[in-house]
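Chain by chain, the residues:
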Amino acid sequence: MERKTVSTCPFCGVGCGIVLHTRDDRITWVDDDPGNPSSRGMLCVKGRFGIPFVQHPDRLTTPLVRRDGELQPASWDDALDIVAERLLEYRGAFGSFASAKATNEDAFVQQKFVRLVMGTNNIDHCTRLCHSPSVEAMLVQLGSGATSNSYIDYEEASCLVVVGCDPDSNHPVIASRMRKAVDDYGTKLVVVNPKRIDLAERADVFLQPAPGTDVALFNGMARAILDDGLEDREFIAARTEGFEAWRAVVIERTVEEYAQACGVDPHALRLAARLYARPPARRGLPADERPGSCLAWGMGITQHTHGTDNAHALINLALLAGQLGRPGCGISPLRGQNNVQGCGDAGCIPDSLPGYQPYRDDVAARFEEAWNAGIPREPGIKATDMVERIATGEIRAMYIVGENPLLSEPNLAHAGDLFRRLEFLVVQDLFLHETAELADVVLPACSFAEKDGTFTNSERRVQRVRQAVPRVGQSRPDWEIICDLARRMAPRVGVDLGQFAYRSPAEIFAEMARLTPQLRGISYEQLDREGGIQWPCPSADHPGTRFLYAESFPRGRGRFVPVRQATPAAELPDADYPLILNTGRVLYHWHGGTLTRRVQALMDQVSEVPVTIHPGDAERLGIADGDEVVVRSRRGRLTGRAVVTDAVRTGSVFVPFVKLRESAANFLTNNAYDEPSRIPEYKVCAVRVEKKRPWDAALTGGWPTASRDK
């Protein structure tokens, strides 16, 4: 008999509604959910065809413990007793990665375990690698680290500015809603990207700046707005601070000088600025509504050594033009993983408690009263620094849940060397991936389809995840594993066993809501009755919040932050490595590919790493479209298949960071970091490209990503 289970897609941050069809405890088909307000009946190729990873034969089915140098099956009791005993040795030298693929409930329990049992705030997740600069900048300038608007605002905007992202590949349903706005309502579209993406074909203005010059570009747009007198003076006077100091920096250079610095046409730069600040009304806009502009950006902005400055420059633009706090406008850092918003909301970040609450005495006291024990009040170590500080001995043991840093970290050879120095490593996940192969203990976790919980998407909408199929083997939900582990350790560190005695995810969510002001009004009963709800939702009778900042900002006034263009990147081309590498994604794979490499229908579409190169560079290097090529940086090399196209600038190559046939872009990338956010510079490093010669096979046929000499 066929069953249908309404749930939420486990791939990108759009949070599309899905219907899982099952028969005889197997997933047979995935449909869209027409009633879901985030996706409105749309679903991309990964959401519809990418779910077979759930019941793939590679799934971990039993705990594994390393004995005599080999990972061997063990009982849950044996595995968790070992973990409990060993982790107690490393309180004070411990770090943990949470999973933005897991549920809010999993994340909340994990941060509680780390703070309460391990006595540290050393917990972080993949936001460090994607939008930590956005969050840093938004907290400083606005007082909140979330997207201000909703997806519906893309359809109601009169202008869309899409920066440093490729929604057709990364957020296809959002791309569809943007195309609908352009095609049906005449919304103006500005695309900013060093690579000509599909959406650029519909753009009124396409700006293709040199990599690493975003501050110059957005200061140039600001200068153009000031030159034309298009700033929103009433908004600036009533709701912002720091305008004059910021203006003094912006007017240091002319629009033409800014345009030259980033390699774009100054007339196009001025036109983009005018469309953003004062767009013509879209078709159907009520006469009494001011035309609005939405600003959406991706990791092309953030993954730089000056990523936080880039985000500041964008937010300055929104404050200057007054494009916040109304329907049809706002700012949107497009989140990568399905629950990266929720993982941060739940407290899996080192510098604040759940709900981004500071370690202030009165806030910490509320948590300590609820948890009946003390918690650390000093900020913890950020994810990238945890990895680097393995070298100094500050981190000697790690507990990694649902992440695979040996694909996601930059400079993988360096990261692999560091992970091999750990004295104790626990990995909890679905598959025995590159990081799990190094672990001392591996714990099998359930996928999204085998458990209940909630995800929170990019528009702050909390949505239900529902169990559709039985657990695979002995796998367990992440929250259940962590609670079992915590109960074995709690008495020895003075923590009440009852703090980890949850009977259901609903109980966990209720505790999280009690301690997190923006979630206080949301409950499972409400979600099951009404569907997804957007936070802030302060009370049970509150409908949720479509857009933020209608009346004020959480910090009071919006703050202009002056920024100047710095050196474009930590590593620039030279005679040995003359090309700039830009990394990103392809439609058919998700992140490093741990899940999508196990879906044949997606592998059939892209089975090798594509290396996109400009025709001029390809001709000079003797490379033809479809040739096998080797890309080398100072840190490593990969083999891929040449895609020759003028979609990339001369002097640049683009490689997605999915790992295929043992090749991955992060063997090449640079472990240089943005200082405030500690995000790596994935978007720019120097490489050279060569047509692969027969004898290269021995050099590039495989990398030692998974061996560990115990």
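These remarks concern the structure in this document. The model shown is predicted, which means the values in this text are computed figures rather than measured ones.

Some details on unusual backbone geometry
For the bond from W535 to P536, the omega torsion is 5°, close enough to zero to count as cis. Along the chain, the position of P536 falls in the loop between β19 (533-534) and β20 (558-559). Positive phi is not limited to glycine here, since R460 has a value of about 65°. When you line up the elements, R460 lands in the loop between β17 (453-456) and β18 (461-465). The phi torsion at R678 lies on the positive side, around 65°, for a residue other than glycine. Considering the arrangement of structural elements, one finds R678 in the loop between β26 (670-673) and β27 (680-681).

Here's the deal with the packing of aromatic side chains
Each pair of aromatic rings is reported with the distance of its centres and the angle of its planes. The full count for this structure, using the stated rule, is 13 aromatic pairs. Ring geometry for F11 and W590: centres 5.5 Å apart, planes at 85°, overall edge-to-face. Separated by 579 residues along the polypeptide, F11 in the loop between β1 (2-8) and β2 (17-23) and W590 in the loop between β21 (579-584) and α24 (600-603) bring together distant segments of the chain. Assigned by exposure class, F11 and W590 land together as buried. For the pair F235 and F553, a centre-to-centre distance of 6.4 Å together with 85° between the ring planes defines the contact as edge-to-face.

A short note on the pairing of β2
Within β2, 6 of the 7 residues are buried, leaving the element largely enclosed by the surrounding structure. For β1 and β2, the ladder comprises 7 bridges, and the chain directions are antiparallel. Following the sheet pairing, V6 is matched in β2 by V19. Here 6 bridges tie β2 to strand β3 (residues 26-32), and the two strands are oriented antiparallel to one another. Following the sheet pairing, R23 is matched in β3 by R26. The hairpin formed by β2 and β3 contains 2 residues between the paired strands, and D24 there has a positive phi angle of roughly 50°.

Observations concerning the sheet that holds strand β13 (residues 330-333)
Spatially, the 5 strands line up as an open sheet ordered β10-β9-β8-β12-β13, and their pairing is parallel. Looking at the sheet topology across the chains shown, the edges are occupied by β10 (205-207) and β13. Pairs of neighbouring strands in the sheet enclose a mean axial angle of 10°, with direction left out of account. Alignment of strand β8 (residues 159-163) against strand β12 (residues 293-297), held across 5 bridges, turns out to be parallel. Of the residues in β12, the one forming a bridge with V161 is L295. Against the sheet, helix α13 (residues 266-277) engages β8, β9 (188-192), β10 and β12, with an angle of about 125° to β10.

So, the nonpolar core
Counting residues in each nonpolar core, the largest one holds 69 residues, and the members touching the most others are L87, F113, Y399, L443, L485, M489 and F500. For Y399, the contacting residues outside a window of four places in its chain are F94, G95, S96, F97, Q110, F113, V426, Q428, L443, I481, I482 and L485. Counting 57 residues, the second largest nonpolar core, distinct from the first, contains M221, A224, L317 and A321.

Thresholds, definitions, all that
All residue numbers here refer to positions counted from 1 along the written sequence of the relevant chain. Reporting of local features is limited, given that this is a predicted model, to residues whose pLDDT is at least 70; pairs of side-chain atoms are given and counted only at 80 or more, and all residues count toward the totals for whole chains, interfaces and linings. Excluded from the side-chain calculations are hydrogens and water; all other atoms, namely the structure's heavy atoms, are used. Every helix listed is a DSSP run of H or I at least four residues long, and every strand listed is a run of E at least two residues long, numbered separately from the N terminus. Classification of ring pairs uses Phe, Tyr and Trp, with its six-membered ring standing for Trp, and accepts pairs whose centres are within 6.5 Å; under 30 degrees between planes counts as stacked, over 60 as edge-to-face, and the remaining range as tilted. The cut-offs for exposure are 20% and 50% of the maximum accessible area for each residue type, with area from a 1.4 Å probe on protein chains only; residues under the lower value are buried, those over the upper are exposed, and the others partly exposed. Think of it this way: DSSP has to see at least two bridges between two strands before they count as a pair. Interaxial angle, 0 to 180 degrees, is taken between N-to-C directions of lines fitted to C-alpha atoms, where a helix line uses only the stretch in contact. Contacts are assigned to residue pairs with any non-hydrogen atoms lying within 4.5 Å of each other. Residues grouped as a nonpolar core are buried Ala, Val, Leu, Ile, Met, Phe, Trp, Tyr and Cys residues, joined through side-chain atoms within 4.5 Å.

Don't take any of this as a statement about function, it's just geometry.
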